Amino acid sequence: MSLGDIMKNNLKLLRKKHGYTQIGLQMKTGIEQALLSKFENGQRVPTTEALIKLAEFYDVSIDYILCRTDNPKVNK
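Conventions we followed
- Residues numbered from 1 in each chain as written.
- Predicted model: local features only at pLDDT ≥ 70, side-chain atom pairs only at ≥ 80, totals over all residues.
- Heavy atoms only, no water.
- Buried < 20%, exposed > 50% of the residue type's maximum accessible area, 1.4 Å probe, protein only.
- Helix = DSSP H or I, 4+ residues; strand = E, 2+ residues; numbered from the N terminus.
- Arc of directions from axis to C-beta.
- Core = buried A, V, L, I, M, F, W, Y, C linked by side-chain atoms within 4.5 Å.
- Contact = heavy atoms within 4.5 Å.

Colleague: Just give me the short version of helix α3 (residues 33–40), but keep the residues and values in it.
Modeller: Taken as a whole, α3 has its buried residues at L36, F39 and E40. All buried residues of α3 fall inside an arc of 95° around its axis, so they share one side.

Here you go:
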């Protein structure tokens, strides 16, 4: 299983939990909608810069996005 496959569910769940469409998230983070879609479908792994933006935007750890922990505030 690839890293993209592992994290795709967390990215989609975070976006929906916060009530954003991919376009809305693009407007807030500056990450293109096409890339957000590929991240959520496991077709592409986010860059370090994109991971940092998403973690800061959602106020969760990068480790949570990467499915290294179930606690959104914990870094491994």
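Colleague: Residues and numbers for the nonpolar core, please.
Modeller: Within the largest apolar cluster, 16 residues are counted, with the highest numbers of intra-cluster contacts made by L54 and I65. Contributing elements (two or more residues each) for this core: α1 (3–17), α3, α4 (48–58) and α5 (62–65). The biggest single contributor to this core is α4, with five residues. If near-sequence neighbours (up to four positions away) are discounted, I65 is found in contact with M7, N10, L11, L14, L51, L54, A55 and V60.

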